[in-house]
Amino acid sequence: MTKLRISTIPDSRPVKLTIELPAEIHRDLLLYAELVSEKAGEAADAIPDAARLVPLMVGRFMETDRVFQKQRRDRKPAPAAGTTGVSSER
């Protein structure tokens, strides 16, 4: 069998986390969701679930953290769990 260019498929399943937020941050998150819906021109009763904003916010935070991005680039990627990253030939 020929060697394939892609040897593994990365795990892209979502991971569910349970977190506790201080009341003040939760209120601000709800307000943020309300402001997002107003900007999008949605009705007041169509405010998105605030929890859906959290992954977007965390992702944006990490994208704009220069130190994190530099250290991320400097690290070698680890192989996916349970794989060696080497294709076998038969």
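No experiment lies behind these values; they were computed from the predicted model shown. (Residues numbered from 1 in each chain as written. Predicted model: local features only at pLDDT ≥ 70, side-chain atom pairs only at ≥ 80, totals over all residues. Heavy atoms only, no water.)

Asker: What exactly am I supposed to notice about the pattern of salt bridges here?
Answerer: Where charged atoms from two side chains of opposite charge come close, those side chains can pair. Within the structure shown, the criterion is met by 3 salt bridges. With a closest N to O distance of 3.5 Å, E63 and R60 form a salt bridge. One end of the pair, E63, and the other, R60, are both in helix α2 (residues 53–64), 3 residues apart, so they sit about a helical turn from each other. Comparing E63 with R60, the two get one shared label, exposed. With a closest N to O distance of 3.0 Å, K70 and D74 form a salt bridge. Pair noted here: K70 and D74 are both in helix α3 (residues 66–74), with a separation of 4 residues, about one helical turn. Exposure remark for K70: the relative accessible area of 46% places this residue in the partly exposed category. (Salt bridge = Lys/Arg side-chain N within 4 Å of Asp/Glu carboxyl O. Helix = DSSP H or I, 4+ residues; strand = E, 2+ residues; numbered from the N terminus. Buried < 20%, exposed > 50% of the residue type's maximum accessible area, 1.4 Å probe, protein only.)

Asker: Is there a simple way to explain helix α1 (residues 23–39) in this structure?
Answerer: Taking 1.5 Å as the rise per residue, α1 with 17 residues should run 24 Å; its terminal C-alpha atoms sit 24 Å apart, in good agreement. Buried within α1 we find L29, A33 and S37. The arc that holds the buried residues of α1, viewed along the axis, is 75°, so those residues lie on one side. Exposed side chains of α1 directed beyond 90 degrees from the buried face belong to E24, R27 and K39. Among the structural elements, α2 are those in contact with the buried residues of α1. (Expected span 1.5 Å × (residues − 1). Arc of directions from axis to C-beta. Contact = heavy atoms within 4.5 Å.)

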